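Fold and geometry: a report
So you can see what is in the structure, the chains are spelled out below.
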Amino acid sequence: PASIGKGMMVVFSNSLVSDETKHFVADLLSASGQVATIEDEGLMDAVTAVSGSGPAYIFHFIEALTIAAEKAGLPTATAKLLAMQTVYGAASLAAESGEEPGVLRQQVTSPNGTTAAALGVLMGEERLTNLLTEAVEAARLRSIELGK
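All of the points below concern the structure found in this document. (Residues numbered from 1 in each chain as written. Predicted model: local features only at pLDDT ≥ 70, side-chain atom pairs only at ≥ 80, totals over all residues. Heavy atoms only, no water.)

Counting its regular elements, the chain contains 7 helices and 2 strands. Listing the helices and strands of the chain from first to last along the sequence gives β-α-β-α-α-α-α-α-α. With respect to the principal axes defined by its C-alpha atoms, the chain has extents near 60 × 30 × 30 Å. Across the chain, contacts joining residues at least 24 apart in sequence account for 55% of those joining residues at least 6 apart. For the chain, the accessible area works out to roughly 10,900 Å², and carbon and sulfur atoms hold 61% of it. Side chains of the chain carry 9 positive and 17 negative charges; the gap between the two charge centres is 8 Å. (Helix = DSSP H or I, 4+ residues; strand = E, 2+ residues; numbered from the N terminus. Contact = heavy atoms within 4.5 Å. Areas by Shrake-Rupley, 256 points an atom, 1.4 Å probe, with all protein chains shown as cover. Lys, Arg positive; Asp, Glu negative; His and termini not counted. Charge placed at Lys NZ, Arg CZ, Asp CG, Glu CD.)

This is how it looks when you write it as structure tokens:
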């Protein structure tokens, strides 16, 4: 994502770094996307696990959604386009709407409809949340190991 100006960079600076330098670094990094600041350097392993590794999670989600679409009978090219555009459109709406993702999810979910049926699978027993939490924790722990 940074290669197309849509990445997520996170910076930490200690008390020895001037405000001028902080702003310079943030401006420099903003050419690659959004820039956030953390106050605790120890959180960089969590940052790595979420936004450093996160694009691969999304790419895999697109792969999995494509496969599911193919298994539902769609041609490969159509399945891939639907998966990519759906993720892109949903992420764009989440970024631009100002609404919380949970509110957006509720807005597109009709009670007892098709989306509700699918969300029952993904959200039942917090399956997707638990899976992503486990994945992020594995990446965070590996980041700690690599930092030693």
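Moving on to the environment of V136. Assignment of secondary structure puts V136 in helix α7 (residues 127-146). Classification of V136 as partly exposed rests on a relative accessible area of 24%. Discounting chain neighbours no more than four positions away, the residues touching V136 are A49, V50 and Y57. (Buried < 20%, exposed > 50% of the residue type's maximum accessible area, 1.4 Å probe, protein only.)

With that settled, consider a nonpolar patch on the surface. On the surface, a cluster of nonpolar side chains totalling about 430 Å² of accessible area is made up of L122, M123, L128, L131 and L132. Those elements that place two or more of their residues in the nonpolar patch are α6 (114-123) and α7. For M123, the location among the structural elements is in helix α6. Classification of M123 by relative accessible area gives partly exposed; the value is 42%. (Patch = residues over 30% accessible without salt bridge, like charges linked within 9 Å, V, L, I, M, F, W, Y side chains within 5 Å. Salt bridge = Lys/Arg side-chain N within 4 Å of Asp/Glu carboxyl O.)

Before going further, it helps to examine the pairing of strand β2 (residues 33-37). Note: strand β1 (residues 7-11) against β2, 5 bridges, orientation parallel. Paired with M9 across the two strands is V35, which belongs to β2. Taken together, β1, helix α1 (residues 19-29) and β2 form a β-α-β motif whose crossover is right-handed. (Pairing = 2+ DSSP bridges. Right-handed = clockwise from strand over helix to strand, strands pointing away.)

In this section: the pattern of salt bridges. On inspection of all chains with the given rule, the structure shows 3 salt bridges. Between K22 and D19 there is a salt bridge, and its shortest N-O distance comes to 3.9 Å. Residue K22 and its partner D19 are both found in helix α1; the two are separated by 3 residues, about one turn of the helix. Note that E137 and R140 form a salt bridge whose closest N and O atoms lie 2.8 Å from each other. You can see E137 and its partner R140 sitting in helix α7, 3 residues apart, about one turn around the helix. For E137, a relative accessible area of 32% translates into the label partly exposed. R140 gets classed as partly exposed once you look at its relative accessible area, which sits at 26%.

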